[in-house]
Amino acid sequence: MTHMHVAGSIHADATSPAPQWLTRPEDVNALTKELWSNNAKRIESGELEIAGRTAASIIDEVGSPVYVIDEADFRSRARQWREAFGDWQVFYAGKSFLCTTVARWISEEGLGLDVCTGGELAVALRGGMDPARIGMHGNNKSDDELRAALAAGVGRIIVDSAHEITRLERLCAELDTVAEVMIRVTTGVEAHTHEYIATAHEDQKFGFSINGGAALVALVRSHHSPHLHLRGVHSHIGSQIFDTNGFEVAARRTLKLIAQFKEATGTELRELDLGGGFGISYVKEDTPATPEELAAGLRSIVEHECRGFGLQVPVMSVEPGRAICGPAGTALYTVGTVKTVEIGSGQSRRYISVDGGMSDNIRPALYAAEYSATLANRASAAGPVLSRVVGKHCEGGDILVRDEFLPDDVAPGDLIAIPAAGAYSRSMASNYNHVPRPPVVAVADGRITTLLRRETLDDLLALDAGA
């Protein structure tokens, strides 16, 4: 048996050449439009401008690093999803990025909101979200979280286990109320995405298995409970999915389950949620479907399957999160050091270290997520050089952008912008190495509004109960 050192796969990846899709650009200053928010552009001076403010002016006002949300872009994407799906319900997945202002934007644009913890619920309510338009997710909701959801009157609790049914029944009896519930099911669909963000295969923590019969048992139990009002079935197959192929299988299996439930109880469930996970462009090879294409495809799939099972078309819902906030966000960093590293066979790689890293975007380290980058404070006449944008943390895997062609003259003090940073970057941020988390600001018509302020060392020390 051959034993590989634990760092072997990381080392092999670090010394590999650039991926085939990454080609040397003719113009290293050009922006790939699909990766950026609608109001991001390179202006005559060569600087990157977002919604009327240059990257340098944003940094001058709020410091570095910083997450920047193009408010008009965020709102327009929310409207696009609502309009594309028409009579379907659209719930924004708050886990992608949530603060009180975003909750208000979502409410004003007519969408519902999904939360999955008591903390997210508190933010949504503080932001003025109508609790009737909130869905509560989570595979291990505590009594306190369920009690808060019931007290607030959330529109639907997505039930994930038999223990949760028992908890809800007990709490509803205590509070003399009835919970509006949907049953989350595992469809067995293998979504073409990373293992950690695929959520419908059998061997994982979410939902009741359709194949094993647990889903039908949970539906029947909830239907007969005096403390629960069963609204329907919920399914989610994963994240960063570009087409409707996986949803077709999920729809077929969930609708078959609804037909079996009707046969068993004489009642036809009236709601079906196919979840979210709709992908966006992080690099130029990504080609996600538009909301209009997804809506047409999903509508056709559901109508076809309902005809086959003899069912009425239920009230349908979807849950985009990343697809709304991801492209609206840009991360801005300041370069600290630059070095060229020989990687063998005559090849080298430029390492550009910035003042952030895996504490403000863990996705590349967690599941090899790819990102792009550009020089943001000026245009460059230098040629492109294969570069890796890395952070300041004490980890070899502290990588923000694994492979990108950046100008050969990038130097300390320059600004680097990473597009499609609006989803999961701040939501998954940490204080690793005791680094305070960056602020989140919105920009609209040249005006900057702070959504989340920058953390300080005082914030970190305030949590330390020692002397």
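Bear in mind the structure is a predicted one, so any value in this text is a computation, not a measurement.

Chemist: Looking at this structure, how should I read the nonpolar core?
Modeler: In a soluble, globular protein the nonpolar side chains are often hidden away together inside. Counting 102 residues, the largest nonpolar core has F74, F85, Y92, V102, I157, L168 and I418 as the members making the most contacts within it. In terms of residue count, helix α9 (residues 245–265) provides more of this core than any other element does, eight residues in total. Ignoring sequence-local partners within four residues, the contact set of F74 consists of I69, Y92, V102, W105, I106, I324, C325 and A328.

Chemist: Help me out: how do you make sense of unusual backbone geometry in this one?
Modeler: In most cases, non-glycine residues show a negative phi, while peptide bonds are predominantly trans. Of the consecutive residues S64 and P65, the connecting peptide bond is found in the cis state with omega at -5°. Tracing the backbone shows P65 in the loop between α2 (55–62) and β4 (66–70). If you check the backbone angles, A420 has positive phi at about 55° while not being a glycine. The class of A420 is buried, set by a relative accessible area of 1%. With a phi angle near 70°, Y424 is a residue other than glycine that sits in the positive phi range. Looking at the element boundaries, Y424 is found in the loop between β19 (415–418) and β20 (440–444).

Chemist: Any chance you could explain the packing of α9 against helix α10 (residues 291–309) here in plain terms?
Modeler: A pair of packed helices can be characterised by two numbers: the angle between their axes and the separation between those axes. For the pair α9 and α10, interaxial distance at closest approach is 9 Å and the crossing angle is 35°. For the crossing formed where α9 meets α10, the hand is right-handed. Along the contact surface, α9 presents F247, E248, A251, R252, L255, K256 and A259, while α10 presents L298, I301, V302, E305, C306 and F309. Taken together, the residues of the contact of α9 with α10 break down into nine nonpolar, no polar and four charged.

Chemist: Would you mind going over the environment of F206 with me for this structure?
Modeler: Along the chain, the position of F206 falls in the loop between β9 (179–186) and β10 (208–209). Exposure remark for F206: the relative accessible area of 23% places this residue in the partly exposed category. The spatial distance from the C-alpha of F206 to the C-alpha of N139 is 6.1 Å, given a sequence separation of 67 residues.

Chemist: Is there a simple way to explain the sheet that holds strand β1 (residues 40–42) in this structure?
Modeler: Consider a sheet: its strands pair through backbone hydrogen bonds, and that pairing is either parallel or antiparallel. Spatially, the three strands line up as an open sheet ordered β1-β2-β3, and their pairing is antiparallel. One side of each edge strand has no neighbouring strand; the edge strands of this open sheet are β1 and β3 (53–54). Pairing of strand β2 (residues 48–50) with β3, which is carried by two bridges, proceeds in the antiparallel orientation. Paired with E49 across the two strands is T54, which belongs to β3.

Chemist: Is there a simple way to think about helix α7 (residues 162–175) in this case?
Modeler: Count 3.6 residues to each turn of an α-helix, and residues three or four apart come out pointing the same way. Between its first and last C-alpha atoms α7 spans 20 Å; for 14 residues at 1.5 Å apiece the expected length is 20 Å, and the two agree. Three or more residues of α7 are buried, namely E164, I165, L168, E169, L171 and C172. Considering only its buried residues, α7 is in contact with α6 (143–152), β8 (156–159), β9, β10, α8 (214–224) and β11 (228–235). Looking one or two residues beyond α7, the residue adopting positive phi is D176, at roughly 55°.

Chemist: Teacher, can you tell me more about the side chain of E164 here?
Modeler: Position of E164 among the secondary structure elements: in helix α7. Of the residues examined, E164 reaches a relative accessible area of 2% and is grouped as buried. Residues in contact with E164, not counting those within four places in the same chain, are G138, K141, L146, I157, I158 and V159.

Chemist: Please clarify how the pairing of strand β18 (residues 399–407) should be interpreted in this entry.
Modeler: If a strand is regular, its side chains alternate between the two faces of the sheet. Counting buried positions over the nine residues of β18 gives nine, a clear majority of the element. One ladder, built from six bridges, connects strand β17 (residues 384–390) with β18; its direction is antiparallel. Looking at β18, one finds that P384 is bridged to P407.

Chemist: Explain the confidence of the model for the chain to me, please; I cannot follow it from the model alone.
Modeler: In low-pLDDT regions, the fine details of the predicted coordinates are not to be read closely. Across the chain, the average pLDDT comes to 92, with 93% of residues at or above 70. Note on residues 1–14: pLDDT under 50 across the span, and five contacts to partners over four residues away in sequence or across chains. For residues 192–200, every residue scores under 50 in pLDDT, and the model assigns this stretch 26 contacts once sequence neighbours within four places are set aside.

Chemist: Can you help me understand the packing of aromatic side chains in this one?
Modeler: Remark: the centre distance and the inter-plane angle together describe each pair of aromatic rings, the angle taken between the planes. All told, the structure shown has seven aromatic pairs when counted by the stated rule. Seen in terms of ring centroids, F85 and W88 are 5.5 Å apart; in terms of plane orientation they differ by 50°. Their pairing is tilted. The interplanar angle of 20° and the centroid separation of 5.3 Å between the aromatic rings of F247 and F278 together place this pair among those described as stacked. With F247 in helix α9 and F278 in the loop between β12 (271–276) and α10, this residue pair connects regions lying 31 residues apart in the sequence. As far as the burial class goes, F247 and F278 line up, both buried. Here a set of aromatic residues connected by ring pairs shows up, and it is made of W81, F85, W88, F247 and F278. One residue, R156, lies across the ring of F91, its end atom 3.8 Å from the ring centre.

Chemist: It is not clear to me how the pairing of β17 should be interpreted in this structure. Could you clarify?
Modeler: With seven of seven residues buried, β17 is to be regarded as a mostly interior element. Side chains P384, L386, R388 and V390 project from β17 onto one buried face, and the interleaved V385, S387 and V389 project onto a second face that is buried too. Note: strand β15 (residues 347–354) against β17, four bridges, orientation parallel. Residue pairing across strands places R350 opposite S387, the latter belonging to β17.

Chemist: Quick question: what am I supposed to make of the pattern of salt bridges here?
Modeler: When the charged atoms of two side chains with opposite charge come close together, those side chains can pair. Inspection of every chain in the model, using the stated rule, returns 29 salt bridges. For R221, the salt bridge goes to E169, with nearest N and O atoms at 3.3 Å. Placement of the pair is R221 in helix α8 and E169 in helix α7, with a sequence separation of 52 residues. Linking D408 and R350 is a salt bridge whose minimum nitrogen-to-oxygen distance equals 2.7 Å. Of this pair, D408 sits in the loop between β18 and β19 while R350 is found in strand β15, placing the two residues 58 residues apart along the sequence. The network of salt bridges with common partners includes E71, R75, R79, R104, E108 and E109.

Chemist: How do you make sense of the packing of α7 against α8 when you look at a structure like this?
Modeler: For the pair α7 and α8, the least separation of the axes is 11 Å and the interaxial angle reads 10°. Looking at the two axes, α7 sits roughly parallel to α8. When α7 is examined against α8, the residues A162, I165, T166 and E169 are found in contact with a partner set consisting of A218, R221 and S222. Of the residues contributing to the contact of α7 with α8, the split by class is three nonpolar, two polar and two charged.

Calculation criteria
Residues numbered from 1 in each chain as written. Predicted model: local features only at pLDDT ≥ 70, side-chain atom pairs only at ≥ 80, totals over all residues. Heavy atoms only, no water. Core = buried A, V, L, I, M, F, W, Y, C linked by side-chain atoms within 4.5 Å. Buried < 20%, exposed > 50% of the residue type's maximum accessible area, 1.4 Å probe, protein only. Helix = DSSP H or I, 4+ residues; strand = E, 2+ residues; numbered from the N terminus. Contact = heavy atoms within 4.5 Å. Axes fitted to C-alpha atoms, helices over the stretch in contact; angles between N-to-C directions. Left-handed = near helix turned anticlockwise from the far one by under 90°. Nonpolar A, V, L, I, M, F, W, Y, C, P; charged D, E, K, R; others polar. Pairing = 2+ DSSP bridges. Expected span 1.5 Å × (residues − 1). pLDDT = per-residue confidence, 0-100. Phe/Tyr/Trp six-rings, centres within 6.5 Å; stacked < 30°, edge-to-face > 60°. Lys NZ or Arg CZ within 6 Å of the ring centre and 35° of its normal. Salt bridge = Lys/Arg side-chain N within 4 Å of Asp/Glu carboxyl O. Parallel < 35°, antiparallel > 145°, perpendicular 65-115°, else oblique.

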